[in-house]
Amino acid sequence: MLILAGLGNPEPKYEKNRHNVGFMAVDAIARRWGTAPWRSRFQGLACEGQVATPVGPVKLLLLKPKTFYNESGRAVGEAMKFFKLAPADVIVFHDEIDMAPGRFRMKAGGGAAGNNGVRSITSQIGDGFRRGRIGVGHPGHKDAVMHYVLGDFHKVEHQWLDPLLDAVTDALPFAAAGDDERYQAEVLRLAPAPKADPKKAARPS
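Residues numbered from 1 in each chain as written. Predicted model: local features only at pLDDT ≥ 70, side-chain atom pairs only at ≥ 80, totals over all residues. Heavy atoms only, no water.

(A) Focus on the pattern of salt bridges. For the coordinates displayed, the defined rule picks out 8 salt bridges. Of the charged contacts in the structure, one is a salt bridge between E48 and R41, with a shortest N-O distance of 2.7 Å. You can call E48 partly exposed: its relative accessible area is 31%. For R41, a relative accessible area of 19% gives the class buried. (Salt bridge = Lys/Arg side-chain N within 4 Å of Asp/Glu carboxyl O. Buried < 20%, exposed > 50% of the residue type's maximum accessible area, 1.4 Å probe, protein only.)

Written out as structure tokens, the structure reads:
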């Protein structure tokens, strides 16, 4: 089994925030791959399904923690321990302000780089989990970061966001088969985004 956890905040007022793009990713995956209905589980909302891969079907547990972003590790840790999985069996989708909008990178291990949700997960399961980092850009000054990530995506940002979420979903068989490098390449092929300074690219025209 593979756990796909999205980071976000559970209340309706946060639903369209940049900080909730992890929730958006797992919601898109659930729709595309026909998972069972969401239900309360593991201090969050969870649903199960499977994805066909080049090496055969892989079971999925999709998870949206209801613990709020900064305490996401509690839900992820509980689910991982229940299924007796290793950190490498966990992919966490989250927003990344140090990447230009529309960029996507897979990463395994490493530090939290100031992301409190990632830090919380690391404190519960170690740093060996895999991360689907979704670039949302940077507001340009550190004092503006909180307001920025808790703000909704602008209408113009959906020109790159919607194709990216589709690509993250359609390319999933590569990640489920353990080929993160090919997964990243396929996402960027399906939803190409120019490399840019995240501080400049984040400002919609």
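(B) Fine view of the environment of G114. Its location among the elements puts G114 in the loop between strand 6 (104-108) and helix 3 (116-125). G114 sits 91 residues away from F23 along the chain, and the two C-alpha atoms are 19 Å apart. (Helix = DSSP H or I, 4+ residues; strand = E, 2+ residues; numbered from the N terminus.)

(C) Up close: the packing of helix 2 (residues 72-82) against helix 3. For the pair helix 2 and helix 3, interaxial distance at closest approach is 7 Å and the crossing angle is 35°. Crossing geometry of helix 2 relative to helix 3 is assigned as right-handed. Note on element contacts: helix 3 touches helix 2 through G117, S120, I121, Q124 and I125, opposite S72, G73, R74, V76, G77, M80 and K81. Grouping the constituent residues of the contact of helix 2 with helix 3 by class yields 4 nonpolar, 6 polar and 2 charged. (Axes fitted to C-alpha atoms, helices over the stretch in contact; angles between N-to-C directions. Left-handed = near helix turned anticlockwise from the far one by under 90°. Contact = heavy atoms within 4.5 Å. Nonpolar A, V, L, I, M, F, W, Y, C, P; charged D, E, K, R; others polar.)

(D) Focus on unusual backbone geometry. A positive phi is found at F42, a non-glycine position, where the angle reads about 55°. Looking at where F42 falls in the secondary structure, it is placed in the loop between strand 2 (39-41) and strand 3 (44-51). Even without a glycine there, the phi angle at K84 is positive, about 55°. Structurally, K84 can be placed in the loop between helix 2 and strand 5 (90-96). Residue classification places K84 among the exposed positions, given a relative accessible area of 73%.

(E) Seen up close, the sheet that holds strand 4 (residues 58-65). Strand order in the open sheet formed by 7 strands is 2-3-4-1-5-7-6, and the pairing between neighbours is mixed. Where the open sheet ends on each side, the last strands, each with one partner, are strand 2 and strand 6. The mean inter-strand angle of the sheet, taken between neighbouring strand axes irrespective of direction, is 30°. Note: strand 6 against strand 7 (residues 130-135), 5 bridges, orientation antiparallel. Bridging from a neighbouring strand, R105 pairs with R133 of strand 7. Where helix 1 (residues 21-33) meets the sheet, its contacts fall on strand 1 (2-6), strand 3, strand 4, strand 5 and strand 7, and the angle it forms with strand 4 comes to roughly 145°. (Pairing = 2+ DSSP bridges.)

(F) View of the nonpolar core. With 42 residues, the main nonpolar core has L4, F93, F104 and Y183 as its most contacted residues. Per element, the largest residue contribution to this core is 8 residues, and it comes from helix 1. When residues no more than four places from it in sequence are discounted, the contact partners of L4 are V26, I29, L60, L61, L62, L63, I91, F93 and L172. Residues A5, F42, A75 and A112 belong to the second largest nonpolar core, which totals 20 residues. (Core = buried A, V, L, I, M, F, W, Y, C linked by side-chain atoms within 4.5 Å.)

Honestly, it's all geometry; don't read function into it.
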